[in-house]
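Take a look at the letters that make up each chain.
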Amino acid sequence: MKFFLDTANLGELKKAVSWGIVDGVTTNPSLIAKEGRPITEHIKAICDIVDGDISAEVVSTEADEMLKESRELSRIHKNVVVKLPLTRDGITACSKLSKEGIRINVTLCFSPGQALLAAKAGAYIVSPFVGRLDDISAIGMDLIRSITSIYKTHGFTTQVLAASLRSPLHVVDAASAGAHIATMPFKVLDMLFNHPLTDKGLEQFLKDWNRVFEETPAVR
Ligand code: G3P
């Protein structure tokens, strides 16, 4: 499973890239707005930090405008994947753009039916939102399980990107559910490292080592 960071913050991206485990980035209009820079300039900066698929989302809502904006976004860098919302206009634009060879991430997916539309439209990626379903007392991870099963049955090549992940458990469950990609905030990626027994074990290793070798360096 690929790990993507769901952020447009350059500091977080640089830190996570230093760990050597980041395969790509997803952004959305809210995340870009948070950084306060023009999208073209900011997506280019992200592409210079992370060598992988970088999702940049349109803000147009009409198909013709989406086509124009998508082509502009895809020209920023070869790694740009254009994000379109799962609406009638978004699917219309996706169907056309995928035939032009522009890779599309169809986002704001909340049902298996919507995911079927994305696959039929030739989406490169579909982004089902787990956390926002959990937020309304639905079982978000069931959506990932359903989509991966349907895609496997019918041989759809659209990648399932588990999005709106809020915890390390979401990441693990997305892996178990067969998601191709998990996108997560920096905080969640950082939390994956944490376990008290790892810290305790390392502390004891070093204490035992130091008791012998630090006190009698010649033995080392
Ligand atoms: O970027 C798409 C998705 O990951 C947003 O997550 O936490 O705002 O629902 P969230």
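Please refer to the structure placed before this passage.
Scope of this entry: the structure provided in the associated data block.

Conventions we followed
- Residues numbered from 1 in each chain as written.
- Predicted model: local features only at pLDDT ≥ 70, side-chain atom pairs only at ≥ 80, totals over all residues.
- Heavy atoms only, no water.
- Buried < 20%, exposed > 50% of the residue type's maximum accessible area, 1.4 Å probe, protein only.
- Helix = DSSP H or I, 4+ residues; strand = E, 2+ residues; numbered from the N terminus.
- Arc of directions from axis to C-beta.
- Contact = heavy atoms within 4.5 Å.
- Polar contact = N/O pair within 3.5 Å; in protein donor to acceptor, adjacent residues only side chain to side chain.
- Pairing = 2+ DSSP bridges.
- Right-handed = clockwise from strand over helix to strand, strands pointing away.
- Patch = residues over 30% accessible without salt bridge, like charges linked within 9 Å, V, L, I, M, F, W, Y side chains within 5 Å.
- Areas by Shrake-Rupley, 256 points an atom, 1.4 Å probe, with all protein chains shown as cover.
- Salt bridge = Lys/Arg side-chain N within 4 Å of Asp/Glu carboxyl O.
- Near = heavy atom within 4 Å.
- Nonpolar A, V, L, I, M, F, W, Y, C, P; charged D, E, K, R; others polar.
- Core = buried A, V, L, I, M, F, W, Y, C linked by side-chain atoms within 4.5 Å.
- Phe/Tyr/Trp six-rings, centres within 6.5 Å; stacked < 30°, edge-to-face > 60°.
- Lys NZ or Arg CZ within 6 Å of the ring centre and 35° of its normal.

**Digging into helix α1 (residues 10–18)**
Logical step 1: Buried within α1 we find L10, L13 and A16. Here the buried residues of α1 occupy an arc of 130° about the axis, which is enough to place them on one side. Set apart from the buried face of α1 by more than 90 degrees, the exposed residues are K14 and S18.
Logical step 2: Buried positions along α1 lie against β1 (2–6), β2 (24–26), α3 (39–49) and α10 (186–191).
Logical step 3: Here α1 starts with a cap whose side-chain oxygen sits 3.0 Å from the backbone nitrogen of G11, and that cap is N9.
Logical step 4: At the exit of α1 stands G20, carrying a positive phi of roughly 75°.

**A closer look at the pairing of strand β5 (residues 104–109)**
Logical step 1: When you tally the buried positions in β5, you get five out of six residues, the bulk of the element.
Logical step 2: As defined by bridge partners, strand β4 (residues 80–85) adjoins β5 across four bridges and the pair is classed as parallel. For L84, the partnering residue across the bridge sits in β5 and is V106.
Logical step 3: Crossover β4 to β5 through helix α5 (residues 88–99) is right-handed.
Logical step 4: The handedness of the β5 to strand β6 (residues 125–128) crossover, carried by helix α6 (residues 112–120), is right-handed.

**Description of a nonpolar patch on the surface**
Logical step 1: Taken together, the side chains of L169, V172 and L192 define a hydrophobic patch exposed on the protein surface, amounting to about 250 Å² of accessible area.
Logical step 2: Structurally, the position occupied by V172 is in helix α9 (residues 168–176).
Logical step 3: Accessibility expressed as a relative area gives 43% for V172, which makes it partly exposed.

**Details of the site of the ligand**
Logical step 1: What surrounds the ligand is the set D6, N28, K83, F129, R132, A163, S164 and R166.
Logical step 2: In the model, an oxygen atom of the ligand is placed 2.6 Å from a nitrogen or oxygen of the R132 side chain.
Logical step 3: Contact between the ligand and R166: an oxygen atom at 3.0 Å from a side-chain N or O atom of the residue.
Logical step 4: Calculation on the ligand without its partners gives an accessible area of 310 Å², and the protein chains cover 83% of this total.
Logical step 5: Here the residues of the shell around the ligand sort into two nonpolar, two polar and four charged.

**Re the nonpolar core**
Across soluble globular proteins, nonpolar side chains have a tendency to be buried as a group.
Logical step 1: Judged by nonpolar contacts, the single largest core of 59 residues is most densely connected at I43 and L84.
Logical step 2: Membership of the second largest hydrophobic core comes to six residues, among which are F4, L161, A163 and I181.

**Examining the packing of aromatic side chains**
Logical step 1: Considering all chains together, one arrives at five aromatic pairs under this definition.
Logical step 2: Seen in terms of ring centroids, W19 and F186 are 5.5 Å apart; in terms of plane orientation they differ by 20°. Their pairing is stacked. With W19 in the loop between α1 and β2 and F186 in helix α10, this residue pair connects regions lying 167 residues apart in the sequence.
Logical step 3: Looking at W19, the relative accessible area reads 27%, which means it is partly exposed.
Logical step 4: Taking the relative accessible area as the measure of exposure, F186 reaches 16% and is therefore buried.
Logical step 5: Joined through ring pairs, the aromatic side chains of W19, F186 and F193 make up one cluster.
Logical step 6: A cation over a ring is seen here: R103 above Y124, with NZ or CZ 4.9 Å from the ring centre.

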